[in-house]
Amino acid sequence: MKILLINGNDKADFLISALKAKGHTITVVDPDYSRCRALADTFEVTAFCGDGTKEVTLAKAGAEQADAVVALDVRDSVNLVACELAKNRFHVRLTYASVNNPKNVAVFKQLGVDKCVSEVDWIVNQVEQDSLEDNIKKYLPIENGRIVICEAVIGDRSPALNQKLWEIGFPPQSIVSCIIRGEETIIPQGSTQLAAGDKIVLISSSRKIDEALSLLSGGKPRKKTG
Amino acid sequence: MKLFHQTKTEHIIIVGCGLLGSALAAGFAETNSHVTLIDRNRNAFAALPDNFTEDILAGDGTDEEILKQAQVQSCDIFFAVTGDDNTNLMAAQVAKTCFGVKKVFARVDDASKAPAYGPAGITAVSSPLLLCREFRKALGEEEASA
């Protein structure tokens, strides 16, 4: 993909090398001339010095041919305007914005930015993931955390041990999508009985995930917002 | 709201209390309007005239929470007039799209950015363009009288 990176600051370095390694073509737009030079020299990418929220700059940087625009400024307003410009004026298919104020994620989506990444939200999710019970191995938020997929292991003391799925009484908006038992993968039915060591792949809305997990782990559901 | 502002007809929110924002606010305060002025910098309100009694709010005018505090839901006219085009465009869009404010105006000094926001219902005005027009008008008058 041809990717336009706007106002990368210090984040740009890592992102450029990571994206280049995946075979993408990167063009950098940054208002700071010396940073443009440094990035161009270090990573052998095309760099344009200018304001990424201006039509002329984006035109020069080849926004017309770009598949994606990634706006990384520390100011949300800059990222919003850059993405809107890319989308509306240059018909860039994918726009990604880094969002500093997590409250703006919803706003950006409403205004047509395709993907928003809030570092604060991400860290909160990570902490959340680490603070969950030990027997929950993986926790994958999707749709900005509205839905989560997670993997839980049935331990010896799990209240769900030897129970049939229908007996556990999962909350609505949560479903056991798959059970991994050793080498075997089971697409479960209500009558499937859980055994110790089973890995449960659970899909749930983020509101119900704690309740669903507590049924598997035995812990009390923690309060969680959003 | 109506209880406390029975004589006030329109609720106007102004984001940005610089020269433009404070002049706008002072102007509307003299009419029968209820004005809420928002600026990120509390010191900016010092520019207001001493007899200014309308609401002031220190905070980020692009932040939904701050706008809610300013009662944007009942707002009739919204002005985004900070010195930063992108801030103005974002604040204006939040007011328009998220809160459905009827009349939304944004100061957008870079005239090339303005047209994209017309279809969204935001009136974007470029101050360099206005100055150009005024200068030319003044020049025309001078030449006519010479």
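Whatever comes next refers back to the structure up there.
Residues numbered from 1 in each chain as written. Chains lettered and ligands numbered in written order. Predicted model: local features only at pLDDT ≥ 70, side-chain atom pairs only at ≥ 80, totals over all residues. Heavy atoms only, no water.

1. Observations regarding the sheet that holds strand 3 (residues 46–49) of chain A
Residue and element names in this part refer to chain A.
So, point 1. The strand order 3-2-1-4-5-6 describes an open sheet built from six strands, whose pairing is parallel. In this open sheet, the two strands that pair with only one neighbour each are strand 3 and strand 6 (115–118). Geometrically, the sheet is characterised by an average inter-axis angle of 15° between neighbouring strands, direction not taken into account.
So, point 2. As defined by bridge partners, strand 1 (residues 2–6) adjoins strand 4 (residues 68–71) across four bridges and the pair is classed as parallel. Across the sheet, residue Leu 4 finds its bridge partner in strand 4, namely Val 69.
So, point 3. Helix-sheet contacts for helix 2 (residues 33–43) involve strand 2 (25–30) and strand 3, and the interaxial angle to strand 3 is about 175°.
So, point 4. Running over the sheet, helix 4 (residues 76–88) touches strand 1, strand 4 and strand 5 (94–99) and is turned about 175° from strand 5. (Pairing = 2+ DSSP bridges. Helix = DSSP H or I, 4+ residues; strand = E, 2+ residues; numbered from the N terminus. Axes fitted to C-alpha atoms, helices over the stretch in contact; angles between N-to-C directions. Contact = heavy atoms within 4.5 Å.)

2. Some points on the interface of chain B and chain A
So, point 1. Between chain B and chain A, the residue contacts involve 17 residues of the former and 17 residues of the latter.
So, point 2. Summed over the three residues of chain B that lose the most area to chain A, namely B:Asn86, B:Met90 and B:Gln93, the buried surface amounts to 34% of that side.
So, point 3. Linking chain B with chain A are two salt bridges.
So, point 4. A:Lys54 serves as the salt-bridge partner of B:Asp110, at 3.9 Å between the closest nitrogen and oxygen.
So, point 5. Run the count over chain B and chain A and you get seven residue pairs in polar contact (both at pLDDT 80 or more).
So, point 6. Contributions of two or more residues to the side of chain B that touches chain A are made by helix 2 (64–69) and helix 3 (85–98) of chain B.
So, point 7. Looking at side-chain class alone, the side of chain B that touches chain A contains five nonpolar, six polar and six charged residues. (Buried area = accessible area lost by both parts, 1.4 Å probe. Salt bridge = Lys/Arg side-chain N within 4 Å of Asp/Glu carboxyl O. Polar contact = N/O pair within 3.5 Å; in protein donor to acceptor, adjacent residues only side chain to side chain. Nonpolar A, V, L, I, M, F, W, Y, C, P; charged D, E, K, R; others polar.)

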